[in-house]
Amino acid sequence: MSFRVTIVGCSGSYPGPESAASCYLLEAEQDGRTYRILLDLGSGALGQLHRYVDPLTIDAVFLSHLHADHCLDLCGYYVMRKYHPTGHQPRLPVWGPPDTAGRMARAYDLPLDPGMNEEFDFREHEEWVRIGPFLIEAVRVEHPGDAFALKVGVGERALVYSGDTGMCDSLIKLALDVDLLLCEASFHDGRTNPPDMHLSGSEAGTIATAASVGRLVLTHVPPWNDEQVALIEARTTWNGDLDLAVAGMVIEL
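Below is a short write-up of the structure.

Cut-off values and rules
- Residues numbered from 1 in each chain as written.
- Predicted model: local features only at pLDDT ≥ 70, side-chain atom pairs only at ≥ 80, totals over all residues.
- Heavy atoms only, no water.
- Salt bridge = Lys/Arg side-chain N within 4 Å of Asp/Glu carboxyl O.
- Helix = DSSP H or I, 4+ residues; strand = E, 2+ residues; numbered from the N terminus.
- Buried < 20%, exposed > 50% of the residue type's maximum accessible area, 1.4 Å probe, protein only.
- Arc of directions from axis to C-beta.
- Contact = heavy atoms within 4.5 Å.
- Pairing = 2+ DSSP bridges.
- Right-handed = clockwise from strand over helix to strand, strands pointing away.
- Phe/Tyr/Trp six-rings, centres within 6.5 Å; stacked < 30°, edge-to-face > 60°.
- Lys NZ or Arg CZ within 6 Å of the ring centre and 35° of its normal.

Now for the pattern of salt bridges. Per the stated rule, a full pass over the model turns up eleven salt bridges. As a salt-bridge pair, Glu 27 and Arg 4 come within 3.2 Å of each other at their nearest N and O atoms. Placement of the pair is Glu 27 in strand E3 (residues 23-30) and Arg 4 in strand E1 (residues 4-11), with a sequence separation of 23 residues. When its relative accessible area of 28% is taken as the criterion, Arg 4 is described as partly exposed. Residue Arg 36 pairs with Glu 27 through a salt bridge whose shortest N-O separation is 2.6 Å. The class of Arg 36 is buried, set by a relative accessible area of 18%. Residue Glu 27 is classed as buried on the basis of its relative accessible area of 8%. Connected through salt bridges with shared partners, the residues Arg 4, Glu 27 and Arg 36 form a single ionic network.

Right, let's talk about helix H7 (residues 227-235) for a bit. Those residues of H7 lying buried are Ala 230, Leu 231, Glu 233 and Ala 234. Buried residues along H7 cover an arc of 165 degrees about the axis, so they all sit on one side. Its buried side turned inward, H7 meets helix H6 (201-211), strand E13 (215-219) and strand E14 (241-244).

Turning next to the pairing of E14. Alternating residues of E14 divide into Leu 242 and Leu 244, all buried, and Asp 241 and Asp 243, none buried. As defined by bridge partners, E13 adjoins E14 across four bridges and the pair is classed as parallel. Within E14, the position partnered with Arg 215 by the bridge is Asp 241. Note that the unit made of E13, H7 and E14 has a crossover that is right-handed.

Evaluation of the coordinates by the stated rule reveals seven aromatic pairs. Look at Tyr 24 and Tyr 161: their rings are 4.8 Å apart centre to centre, the planes differ by 55 degrees, and that puts the pair in the tilted class. One end of the pair, Tyr 24, is in strand E3; the other, Tyr 161, is in strand E11 (residues 157-161), and 137 residues separate them in sequence. For the pair formed by Tyr 24 and Tyr 161, the shared burial category is buried. Through a chain of ring-to-ring contacts, three or more aromatic side chains come together here, namely Tyr 77, Phe 120 and Phe 122. Its end group placed over the ring of Tyr 35, Arg 33 keeps NZ or CZ at 3.7 Å from the ring centre.

Residue position: Arg 130 is located in strand E8 (residues 129-131). Sequence spacing of Arg 130 and Met 197 is 67 residues, and the spatial spacing of their C-alpha atoms is 29 Å.

Structure below.
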C-alpha cells in the first residue's frame, strides 16, 4: 500500500511570504474511499488547505504540540465546522498533548465548557492510533512544553514528522529505517542557539544518518533564515536523498 503527502504549510515559527505555517496532508486509499489526516494545522494553513482538498473531508487531526504555528488554525476550523452552510458537522477526532481542548478554547476566548468539544473530539496522544489505513505513533521529543514526533505508516511504507525538537534519542529511535523523515531545521550552525528547542540542518542530517532513513526533507525553516544554508548544513552529515519542503510539494510513498 502507498500514500501521498502534500506540504500545505512548512514555514517555521510564523507564516512566511511563500508558505503558511506547519501543516501536512496525508492521503491513502482503503475500502474504496480516500482517508485523509492532517499533521498540525498551524497559522495560515486552513486557507491553503482549500487548494488541495475540501477541509470537511478530513478524517482526523494530529497536533505535534500547542504552539501557534502548529495548532492555531484549529480556531478557524472550529468556525467552519460549526457554522458551515451545510449544517453543523460531526465531531472530528483531534489528537494532541494534554489540555489541547482547554488551549484551543482559550485561544478563541470560549468558555471551557463546551469550548470546541461539540465540534472536535479531543484526545491525548496514545502509543498507537489507527485511522483507516493509517497507523500513527506519537513519542515525546525535546521542545518547550509537551511536544511529540509523529510516525505514520500505511502497510510497509512509513514516515516520521519531527514536529519541533532538539536533538534527542527518541526521534532517532522512532525514525529508524522509515522511508521519509520530515524534519525541522529551524537553526543555523555557528549561532548561540537555545538548547533543547530546535535542530539545525546538520543536526537533522545527523538524525537521518543515525536512523538510516530513506529520504530526508527539511521543513520548518523560519522566514528569517536562508533555506539554502539549511540544505548545505544537512549535506555535511547526510549523504542520502535530500530535499527542502515547499508549499504544494507532493511526496508519494
